[in-house]
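Now for the letters of each chain:
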Amino acid sequence: MEKIPILRMGDFLLVTIQVDMHDRLAMALQDDLTRMISDTEARGVLIDISSLEIVDSFIGRMLGNIAAMSRVLDANTVVVGMQPAVAITLVELGLSLPGVRTALNVDAGMELLRNSVNASRETYGSTRN
Amino acid sequence: MAVLVTETLPVKAESDVVSVRRRVREMSAQLGFTLVDQTKVVTAASELARNTIIHGGGGMMQLETLNGPRVGLRLTFEDKGPGIADIALALRDGFTTGSGLGLGLGGAKRLVTDFDIASRPGEGTKIIITRWK
């Protein structure tokens, strides 16, 4: 079966969605990512959706689920690269992706993840390195 | 008003949702819709195609390009499923009988210019959306 690759880079997992996902593929990504966060003890997940031409309610729900699941597993999620037309449509559709952090591009997203990991280390101390 | 292209696509399997999105994108681009308008109509089609499969048990989509005084794209989604008992309720945000967010129908309506729905319990559902250029 077709799969969306998940790359590991240090403490972070990177996903670039480059295909028009059918619903089952989106569900598989959600499951795979959750498992990888747990297996690799990742601190952050970056999802690049710059190639996505639409985000409908199903994909929006998947992004929200990934953010929520990763938070429960002590990792942060940031979604980067949303096209302006997609953002306009998403809000009109009624989805504002609550709980999903976003950044304009991969660089800004990585920065956000690094800062949030550092901040949580300073605030709570760390049992993880 | 002249109807230029009429074609019918199956909306039965999950992969058909992807085909619907692709075809609606191509046609709306051909008609000269702005990128934002293309994205809106493709997203609306994606929501309605999924509804046709999940709630209607599958059906079809008819695609028409309209060329009269105005240029537009008209999509008709039709299924012979259980139908919708309370259309006003189904259009309300947050209402869902499935596992989704309940934004599909109401959201799709907001993304297009004209939205018509006809449904009878036990007979099926027909939704016609039009986006004018």
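Residues numbered from 1 in each chain as written. Chains lettered and ligands numbered in written order. Predicted model: local features only at pLDDT ≥ 70, side-chain atom pairs only at ≥ 80, totals over all residues. Heavy atoms only, no water.

*Asks:* Would you mind showing me how to read the nonpolar core here?
*Replies:* Across soluble globular proteins, nonpolar side chains show a tendency to be buried alongside one another. Ile 17 and Ile 47 of chain A together with Val 24 and Leu 75 of chain B are the most contacted members of the largest nonpolar core, which totals 63 residues. In terms of residue count, the dominant contributor to this core is helix α2 (residues 35-54) of chain B (7 residues). When neighbours within four sequence positions are excluded, Ile 47 of chain A is seen to be in contact with Val 15, Ile 17, Leu 33, Leu 63, Ile 66, Thr 77, Val 78, Val 79 and Val 80 of chain A. With 9 residues, the next largest nonpolar core counts Leu 14, Leu 46, Val 78 and Val 80 of chain A among its residues. (Core = buried A, V, L, I, M, F, W, Y, C linked by side-chain atoms within 4.5 Å. Buried < 20%, exposed > 50% of the residue type's maximum accessible area, 1.4 Å probe, protein only. Helix = DSSP H or I, 4+ residues; strand = E, 2+ residues; numbered from the N terminus. Contact = heavy atoms within 4.5 Å.)

*Asks:* What's the story with the sheet that holds strand β4 (residues 114-120) of chain B in this structure? I'm lost.
*Replies:* Residue and element names in this part refer to chain B. Strand order in the open sheet formed by 5 strands is β1-β2-β3-β5-β4, and the pairing between neighbours is antiparallel. Because the sheet does not close on itself, it has two edges, and the strands there are β1 (2-11) and β4. Strand after strand, the sheet turns through a mean of 10° between neighbouring axes, direction not considered. The pairing of strand β2 (residues 59-67) with strand β3 (residues 71-79) spans 9 bridges and is classified as antiparallel. Within β3, the position partnered with Met 61 by the bridge is Phe 77. Here α2 sits on the sheet in contact with β1, β2, β3 and β5 (124-132), set at roughly 10° to β3. (Pairing = 2+ DSSP bridges. Axes fitted to C-alpha atoms, helices over the stretch in contact; angles between N-to-C directions.)

*Asks:* In this structure, what is going on with the pairing of strand β4 (residues 76-80) of chain A? I would like to understand it.
*Replies:* On any regular strand, side chains alternate: one points to one face of the sheet, the next to the other face. Residues and elements named next belong to chain A. Where burial is concerned, most of β4 is hidden: 4 out of the 5 residues are buried. As defined by bridge partners, strand β3 (residues 44-48) adjoins β4 across 5 bridges and the pair is classed as parallel. Looking across to β4, one finds that Leu 46 is bridged to Val 78. A crossover connection joins β3 to the parallel β4 through helix α2 (residues 57-72); in handedness this β-α-β unit is right-handed. The sheet contact formed by β4 and strand β5 (residues 101-103) spans 3 bridges and is parallel. Bridge pairing links Val 80 to Ala 103 in β5. (Right-handed = clockwise from strand over helix to strand, strands pointing away.)

*Asks:* Would you take a moment to explain the pairing of β4 of chain B for this structure?
*Replies:* Residue and element names in this part refer to chain B. Of the pairings in the sheet, the one linking β4 to β5 comprises 7 bridges and is antiparallel in character. Of the residues in β5, the one forming a bridge with Ala 118 is Lys 126. Between the antiparallel neighbours β4 and β5 lie 3 residues, among them Gly 122 with a positive phi of about 90°.

*Asks:* What is the right way to look at helix α4 (residues 106-124) of chain A in this model?
*Replies:* An α-helical turn contains 3.6 residues, so a residue and the one three or four places further along point in the same direction. Residues and elements named next belong to chain A. With 19 residues, α4 extends 27 Å from end C-alpha to end C-alpha; this agrees with the ideal 27 Å at 1.5 Å per step. Tucked inside the fold, the buried residues of α4 contact β1 (6-9), β2 (12-16), β3, β4 and β5. Two or three places before Asp 107, at the start of α4, stands the capping residue Asn 105, its side-chain oxygen 3.2 Å from that residue's backbone nitrogen. (Expected span 1.5 Å × (residues − 1). Polar contact = N/O pair within 3.5 Å; in protein donor to acceptor, adjacent residues only side chain to side chain.)

*Asks:* Just checking my understanding: could you explain the packing of helix α1 (residues 23-40) of chain A against α2 of chain A for this structure?
*Replies:* Residues and elements named next belong to chain A. Where α1 meets α2, the axes come as close as 10 Å, and the angle between the chain directions of the two elements is 10°. When the axis of α1 is compared with that of α2, the two are roughly parallel. Within the contact between the two elements, α1 uses Asp 23, Ala 26, Met 27, Leu 29, Gln 30, Leu 33, Thr 34 and Ile 37 and α2 uses Phe 58, Met 62, Asn 65, Ile 66, Met 69 and Ser 70. A per-class count over the contact of α1 with α2 returns 9 nonpolar, 4 polar and 1 charged. (Parallel < 35°, antiparallel > 145°, perpendicular 65-115°, else oblique. Nonpolar A, V, L, I, M, F, W, Y, C, P; charged D, E, K, R; others polar.)

*Asks:* Is there a simple way to think about the interface of chain B and chain A in this case?
*Replies:* Listed per partner, the contact involves 21 residues of chain B and 20 residues of chain A. For the pair chain B and chain A, the summed buried surface comes to about 2,000 Å²; carbon and sulfur atoms form 56% of the total. For Arg 21 of chain B, the salt bridge is made with Asp 20 of chain A, and the minimal N-O distance between the two is 2.6 Å. The interface formed by chain B and chain A includes 12 residue pairs in polar contact (both at pLDDT 80 or more). Going through the elements one at a time, α1 (14-30), α2 and α4 (104-111) of chain B are the ones with two or more residues in the side of chain B that touches chain A. (Buried area = accessible area lost by both parts, 1.4 Å probe. Salt bridge = Lys/Arg side-chain N within 4 Å of Asp/Glu carboxyl O.)

*Asks:* Which parts of the structure should I look at to understand the sheet that holds β2 of chain A?
*Replies:* Think of a sheet as strands paired side by side through backbone hydrogen bonds, with each pair either parallel or antiparallel. Residues and elements named next belong to chain A. Spatially, 5 strands are ordered β1-β2-β3-β4-β5 in an open sheet, and the strand pairing comes out mixed. If you trace the sheet from one side to the other, it starts and ends with β1 and β5, each paired once. Put simply, the sheet's adjacent strands are angled 25° from each other on average, direction ignored. Sheet strands touched by α2: β3 and β4. Its angle to β4, the strand with the most contacts, is close to 155°. Against the sheet, α4 contacts β1, β2, β3, β4 and β5, and its axis sits at roughly 165° relative to β4.

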